[in-house]
Amino acid sequence: MVEFRAVSKAYGNIEAVEDVSFRIGKGEFVSLVGPSGAGKSTIVKLLIREDQATSGQIVVAGRDITTLKRSELPFYRRKIGVVFQDFRLLPNKTVYENVAFALEVSDAAKSEIQQRVPMILEMVGMLSRSDNFPHELSGGEQQRAAIARSLVHDPKIIIADEPTGNLDPVNTWEIIELLFKINQQGAVVLLATHDKEIVDTLKKRVITMRAGRIVADQQKGKYLL
Amino acid sequence: MRGVRLLRIWSFGWQGMRRNIWLSVNAIVTVALTVMSISVFVALNGALNETRKSFEEKLDITVFIKETAAEQDVVNFVNQISERKDTTEVLYLDKEKSKAEFMRLNEDDPELLASLEDVGNNPLPRYVQIKTDNPDILSDIDTFARQDQFLPVVDSTSYKQTKDKITQFVNFTKFTLKNSLVISAFFATISIIVVFNVIRLAIFSRRQEIQVMRYVGASHQFIRWPFVVEGTFLGASASVISLILLYLLALWESSLVPIYFPGSGINPAALYGQYFWVLFWSNVGSGILLTAIISYIAVRRYLKEQ
């Protein structure tokens, strides 16, 4: 589903990611762990094509995304779901509108939007908050809304970059459970985190990074650092 | 599908303006004042032109006739002046008409009229009033009237008394009209820079929004056009406000003109009505076009990112 082949990314003289290779199969839940500056966020940025790899190949669903043209990026991004630490909801749209927006950009029909958005909001427990704006929500609620937005177009891959970084323990576990549920429904989940407790509890595959390199890749792994 | 997309772009643009109300108000006020300042300048230019025309229509030279001049010689002089193609009107007033005109012009000053009656005989001279629409011709007419052949007829002319003022005014209007293009270009440039920066700042403050739109897979067109539509809404609102402000200004000026320029015949409010559609289309057109183009350019910067 996702494959990194000898990928490197340099920012000037700094090698953020160096010769990284790994493969994620269908339906996997993978935690990408490591201390700050290990290269986790760079991997996420490369995967959503916010940044371009200096060398190597990144293959997603059979297509090398390093060769995507600028005009192809929107179509690629509609096939993946991304969740950020800082939620990144559109501040002047309601929860419903934020989720609907992900469908509207792909010219989805009104009837499809009216059917899917409430369903997804119900799934993440945010249906009652549909008409609220992001600033009227708690951190946990904002992250649920962000997850709903990432799910609404039914992506096969969910990339979560420190999704619990701004949340309290209760909300943290609710979000992790939600990601787990999404994974059980068949989507690949790549969770970039440095939260040891989460990783150790999940008992799923763990890719550990340090100084831009992969130092461990364990099935049912633990936080090693 | 294209219709659905257009509708969404349109509604996002409208939503963007409504929900970023303070940014929108700031942009609308700035654009309105900028468009209005251009309109005021154009209107002032027009008013100056009207004043010049009105002034030129009233340009005349009065030739006073000697008491001793024979009536036939005066008629001969009037005929020769009338044959000139550069005069628009030649009016001869004999002593009776001259007195009647004097009384008409001074009907509000009974003391002056009473003193005229006290004199007994009509002391007012005969004169010829010659009108032209070209201020440069006045000196020619003066020279013509002062020819030796008219020495028995012509006593004096009014040209000398008014020459300096006429020359000064004519030079001033010529200078202003000639420079209006440069001044217009200067004003327009400043306006574009001001509006550009206001819109750019408004879009800069929403750059994260643009980034989020890109993350969820919005195409460049889908991100850009709502901002352009929003820009057109801002421009249209600003233009309508500028038209209202301009009307209020014209009303206010209409009350001032009779005080500062009595007899000028200029009525800004009436001119506003007369040129309303020109003002409307130039304000709304330039307002919408300006904000739409600037929005298009300002968003482009954030679309260059991956």
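Cut-offs applied
- Residues numbered from 1 in each chain as written.
- Chains lettered and ligands numbered in written order.
- Predicted model: local features only at pLDDT ≥ 70, side-chain atom pairs only at ≥ 80, totals over all residues.
- Heavy atoms only, no water.
- Helix = DSSP H or I, 4+ residues; strand = E, 2+ residues; numbered from the N terminus.
- Rg over C-alpha atoms; globule rule 2.2 N^0.38 Å.
- Contact = heavy atoms within 4.5 Å.
- Areas by Shrake-Rupley, 256 points an atom, 1.4 Å probe, with all protein chains shown as cover.
- Lys, Arg positive; Asp, Glu negative; His and termini not counted.
- Charge placed at Lys NZ, Arg CZ, Asp CG, Glu CD.
- Salt bridge = Lys/Arg side-chain N within 4 Å of Asp/Glu carboxyl O.
- Polar contact = N/O pair within 3.5 Å; in protein donor to acceptor, adjacent residues only side chain to side chain.
- Axes fitted to C-alpha atoms, helices over the stretch in contact; angles between N-to-C directions.
- Parallel < 35°, antiparallel > 145°, perpendicular 65-115°, else oblique.
- Left-handed = near helix turned anticlockwise from the far one by under 90°.
- Nonpolar A, V, L, I, M, F, W, Y, C, P; charged D, E, K, R; others polar.

Concerning the overall build of chain A
And step 1. Looking only at helices and strands, chain A has seven helices and ten strands in total.
And step 2. Its C-alpha atoms give chain A a radius of gyration of 17 Å, near enough to 17 Å, the size a compact globule of 225 residues would have.
And step 3. Its C-alpha atoms give chain A principal-axis dimensions of about 45 × 40 × 30 Å.
And step 4. In chain A, once contacts between residues fewer than 6 apart in sequence are set aside, the share between residues at least 24 apart is 67%.
And step 5. Approximately 9,600 Å² of chain A is accessible, and the part contributed by carbon and sulfur atoms is 49%.
And step 6. Positive and negative side-chain charges of chain A, numbering 30 and 28 respectively, have mean locations separated by a distance of 5 Å.

Looking at the interface of chain B and chain A
And step 1. If you look at the interface, chain B gives 23 residues, while chain A gives 27 residues.
And step 2. Remark: the boundary between chain B and chain A carries two salt bridges.
And step 3. The salt bridge involving R5 of chain B is made with D107 of chain A; its shortest N-O contact spans 2.4 Å.
And step 4. At the junction of chain B and chain A, the tally comes to eleven residue pairs in polar contact (both at pLDDT 80 or more).
And step 5. When contributions to the side of chain B that touches chain A are tallied by element, the ones reaching two or more residues are α1 (2-19), α8 (207-215) and α9 (220-260) of chain B.
And step 6. With six residues, α8 of chain B is the largest single contributor of residues to the side of chain B that touches chain A.

Here we look at unusual backbone geometry
Residue and element names in this part refer to chain A.
And step 1. One non-glycine residue, D154, adopts positive backbone phi at about 55°.
And step 2. Within the secondary structure, D154 sits in the loop between α5 (139-151) and β7 (157-161).
And step 3. Even without being a glycine, A211 presents a positive backbone phi close to 50°.
And step 4. Structurally, A211 is set in the loop between β9 (205-210) and β10 (213-218).

Regarding the packing of helix α3 (residues 95-104) of chain A against α5 of chain A
Helix packing geometry: the angle between the two helix axes and the distance between the axes.
All names here are of chain A.
And step 1. Packing of α3 against α5 brings their axes to within 8 Å, and their N-to-C directions diverge by 25°. By the angle between their axes, α3 is roughly parallel relative to α5. When you trace α3 past α5, the crossing you get is right-handed. Across from V95, N98, V99 and A102 in α3, the residues of α5 making contact are A145, A148 and R149.
And step 2. Across the contact of α3 with α5, the residue classes tally to five nonpolar, one polar and one charged.

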